[in-house]
Amino acid sequence: MTRSEVLELRLALKLTRVRFAQWIGVEPITVARWEQGLSPPKSTAEAIMRAALEAFHQATGSESRSRVVSFLCQRARVADLIQDLAVDVARPRAEMEKP
């Protein structure tokens with residue numbers, strides 16, 4: 001995904017870098033790096049943004065922003081669940097068994 005596509009999506013949704021980053025599951029500095037062309041998005045983030053961009057282009061009028069925002073909200077909840085599971089898996093067994 002190009003830097004201009006990342007910026008296009010964020011601006012089309014009228015989101016700050018902070019809010020956009022929250023919905024994708026990255027830090028705001030990461031979004032800034034993508035938009036400046038300093039680093040490419042990782043595959044998971046890129047897949048989320050590409051799907052959101054496609055949904056945005058397929059939708060029309062005022063429906064488009066709400067449709068993509070809804071998509072990003074669903075993805076953010078999934079990303080949170082995955083992150084929680086990863087933390088649980090990485091936690092030592094002894095620590096998990098403490099009362």
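Preceding this paragraph is the structure being described.
This report concerns the structure included in the present document.

What counts as what
- Residues numbered from 1 in each chain as written.
- Predicted model: local features only at pLDDT ≥ 70, side-chain atom pairs only at ≥ 80, totals over all residues.
- Heavy atoms only, no water.
- Helix = DSSP H or I, 4+ residues; strand = E, 2+ residues; numbered from the N terminus.
- Buried < 20%, exposed > 50% of the residue type's maximum accessible area, 1.4 Å probe, protein only.
- Contact = heavy atoms within 4.5 Å.
- Axes fitted to C-alpha atoms, helices over the stretch in contact; angles between N-to-C directions.
- Parallel < 35°, antiparallel > 145°, perpendicular 65-115°, else oblique.
- Arc of directions from axis to C-beta.

Moving on: the overall build of the chain. In terms of regular secondary structure, the chain is built from 6 helices and 0 strands. Order of helices (α) and strands (β) in the chain, N terminus to C terminus: α-α-α-α-α-α. Burial status across the chain gives 30% buried among its 99 residues. In the chain, 51% of the contacts between residues at least 6 apart in sequence involve partners at least 24 apart.

This brings us to the packing of helix 1 (residues 3–12) against helix 3 (residues 28–35). The description of two packed helices rests on the angle between their axes and on the distance between the axes. Relative to each other, helix 1 and helix 3 sit at 125°, their axes nearing to 7 Å. Overall, the two elements helix 1 and helix 3 adopt an arrangement that is oblique. Here Arg3, Val6, Leu7 and Arg10 of helix 1 come into contact with helix 3, specifically with Val31, Trp34 and Glu35.

What follows deals with helix 2 (residues 17–24). Buried within helix 2 we find Phe20, Ala21, Trp23 and Ile24. On an axial view of helix 2, the arc spanned by its buried residues comes to 165°, and they lie on one face. Directly beyond the C-terminal end of helix 2, a positive phi value near 95° is found at Gly25.

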